[in-house]
Every structure is written in structure tokens, then in C-alpha cells.
Amino acid sequence: MEHSNGDRYEGDWCNGNRDGHGVYTYGNGDSYKGRFARNLRSGPGVFFHHESGMSYNCDWSNNIPTILPAKLRAETSERLEFEAARKEKIAQEPQSSEAQEGDQEAEGSEEKGNEEEAEAPQGPKPLAELLSQDFAAGSEIPRMVIQVCSEDGTAQTGESGRLLEVTFGVFEREEEEEAGKEGEAEAEAADEVQADKGKFKRYPSKAYPLQQEAASNAEKDKEGAEESAAERSRPYPPTFVIGGIKMADGVAVLEGLKLPREVEAGAYRLRIGCVYQNCFQDVEALYLLFNVS
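A brief structural summary. What you see is a predicted model; the values in this text were computed from it and never measured.

Reading the values: rules and limits
- Residues numbered from 1 in each chain as written.
- Predicted model: local features only at pLDDT ≥ 70, side-chain atom pairs only at ≥ 80, totals over all residues.
- Heavy atoms only, no water.
- Core = buried A, V, L, I, M, F, W, Y, C linked by side-chain atoms within 4.5 Å.
- Buried < 20%, exposed > 50% of the residue type's maximum accessible area, 1.4 Å probe, protein only.
- Helix = DSSP H or I, 4+ residues; strand = E, 2+ residues; numbered from the N terminus.
- Contact = heavy atoms within 4.5 Å.
- Salt bridge = Lys/Arg side-chain N within 4 Å of Asp/Glu carboxyl O.

Some points on the nonpolar core
One broad rule of soluble globular proteins: the nonpolar side chains tend to lie buried together. Among the nonpolar cores identified, the biggest contains 29 residues, and Met144, Leu164, Leu270, Ile272 and Phe290 are the most heavily contacted of them. Of all the elements in the fold, those that place two or more residues in this core are β7 (71–75), α3 (127–131), β9 (144–149), β11 (163–170), β15 (251–254), β17 (266–274) and β18 (286–292). Ignoring any residue separated from it by four or fewer positions in sequence, one finds Leu270 in contact with Val166, Thr167, Phe168, Leu210, Leu254, Leu286, Tyr287, Leu288 and Phe290. Within the second largest apolar cluster, 10 residues are counted, among which are Tyr32, Tyr56, Cys58 and Ile67.

Structure follows, in C-alpha cells:
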């Protein structure tokens, strides 16, 4: 069935409504392939957003996807693997029967658990700790995994095609905040690298080009060349670096970058943001603080 606005639907019907499996192609180039219920996207399906190039492979309810990224998170791959392995180990450990018998035994079990946690290996350093050190001009930026997360920090998978822009320099705040609020924001961000609580302008007042090491893998070089050629036609801002970072299944890896050699000592920020916003909900940019000595 084709509508006057250019929309087209092919699929199941029930009582005059789109109901069941079908493919809906919008006049603007968007498309959806999956389940419908009473004309609404409901159940598993894949939505493609033409303007941004993003796709959403997830469950749907009343036209809204179950994945709703709200912010970006950065962490080292080693730390993420360590945390995942630790959670899996805890989930597999059977509950001790003693822990379920009486208040006294429960307290003893809790104390024992605290001791075991203190003795447990701490694993690789988190990214927040690595970034707290002073960096020399020209030094390499730690390799990091960028994830899209919900408001509560839960990683959101099922989304692909999101393009990230990376800029480095001095970012001015959009508005001055009270010192107390700013202090609270810094305290909240101490344990985890997350979107800066302060509001910064999108582009730096002083921008510096980042250096990037050439890929050593020949096959990777070929794929990168094809990707760069395809992305060069997009209207990137002048401070965009690295020729395009495309996320897959909610994840992208940032590696091979070095700070500018000509940068002077001071405080700078690495901004990781979206070239195009999510068409269902905006995603906060990530500002990482670098102290250059």
C-alpha cells in the first residue's frame, strides 16, 4: 500500500490496521522492518534513520524503541573485561546456606564478604585514574572504548551507525555555575568517566589537531580508506578529527591518538560527541579533562 506522502507499506493487516510482520518505507528515506500492532511499531524490529545513517535493532513499544541512549561513557577495554568477568563470577557463585540462617550468621557472612572483597584483585586501572595524571605534549592518549548508555549508565546495545566527532582544545562554559555545584559535579565524576556536568560550548575556543598513528594492518587500512572515502562527503565541522568514528552495536574504540606537540601546559578537554543526534532522544557529549604539563 502506498500513501500520497510517499510512504509505502508491505505486510500483514488485521481489521484495516498494520498488524503482524511488515516493512514500512517512509517518503524521507527512513524504513522499519519488523512487528506492528494496531499501526504502531511493537515487538522486535529494525528501524533505519536515513539522515543520520543509524539503525536500531531492538524491541519496540508504541513506536518507541527500548534502547534510548542518553549519554556516552568511556572506559578501557581491559577494565570492561575485568568488570564483566567479576560480575559473571559473582553470578555463578552459589549462595551459602549459612548466609541465610539467622541475623548473627548473616552479619558474619557480610564481614567475611567485605574481607574477601578487600583481598580481591583490583584489576586494571580505570580510565578515570589514568586520565588523572599529567600528560606531556605529544604523548599518547589511552586507548578507550566509547559506549552509548541510558540515563542510569546501563550500556545500550542494538544501535549501529552513530558517527562520533572528536575535538581537543579549550572549551568555554556556556554559563557560569556556582562553585558549590561545580564541586559536586567534579566529585560525582571522580569514580567514573562520564559526561561533564557543566555545560560547555560545542566547539573549542582554541582547537588543536590531534595526531593519529597509521594502522599497521593492511586489511584494516583498506577498510579504513573505503570508510574515509564514504564519510568525506558528510558536512563535518572544521575541528573534526580522525575522518569518522562509526559506532557498531553501541560501541566504538578510540585508539592511536596523540596529544599535539605544540600544545602549551594547561588544562584541556577532549570532546567526544555525536555528528548527528539520535532521532528519538538526544545524547550528551563526553568531555574528558587532560592536564598537560
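Let's talk about the pattern of salt bridges
Pairing between side chains of opposite charge can happen when their charged atoms approach one another. Applying the stated criterion across every chain, the model contains 7 salt bridges. When the shortest N-O distance is used, the salt bridge between Arg143 and Glu255 registers 2.9 Å. One end of the pair, Arg143, is in the loop between β8 (134–135) and β9; the other, Glu255, is in the loop between β15 and β16 (257–258), and 112 residues separate them in sequence. By relative accessible area, which is 32% here, Glu255 ends up partly exposed. Look at the salt bridges and you will find they share partners, linking Arg73, Arg79 and Glu83 into a network.

Description of the environment of Gly34
Structurally, the position occupied by Gly34 is in strand β3 (residues 31–37). Accessibility expressed as a relative area gives 4% for Gly34, which makes it buried. In this structure the C-alpha to C-alpha distance between Gly34 and Pro44, which are 10 residues apart in sequence, comes to 5.9 Å. Those residues in contact with Gly34 that sit more than four places away from it in its chain are Gly20, His21, Gly22, Pro44 and Gly45.

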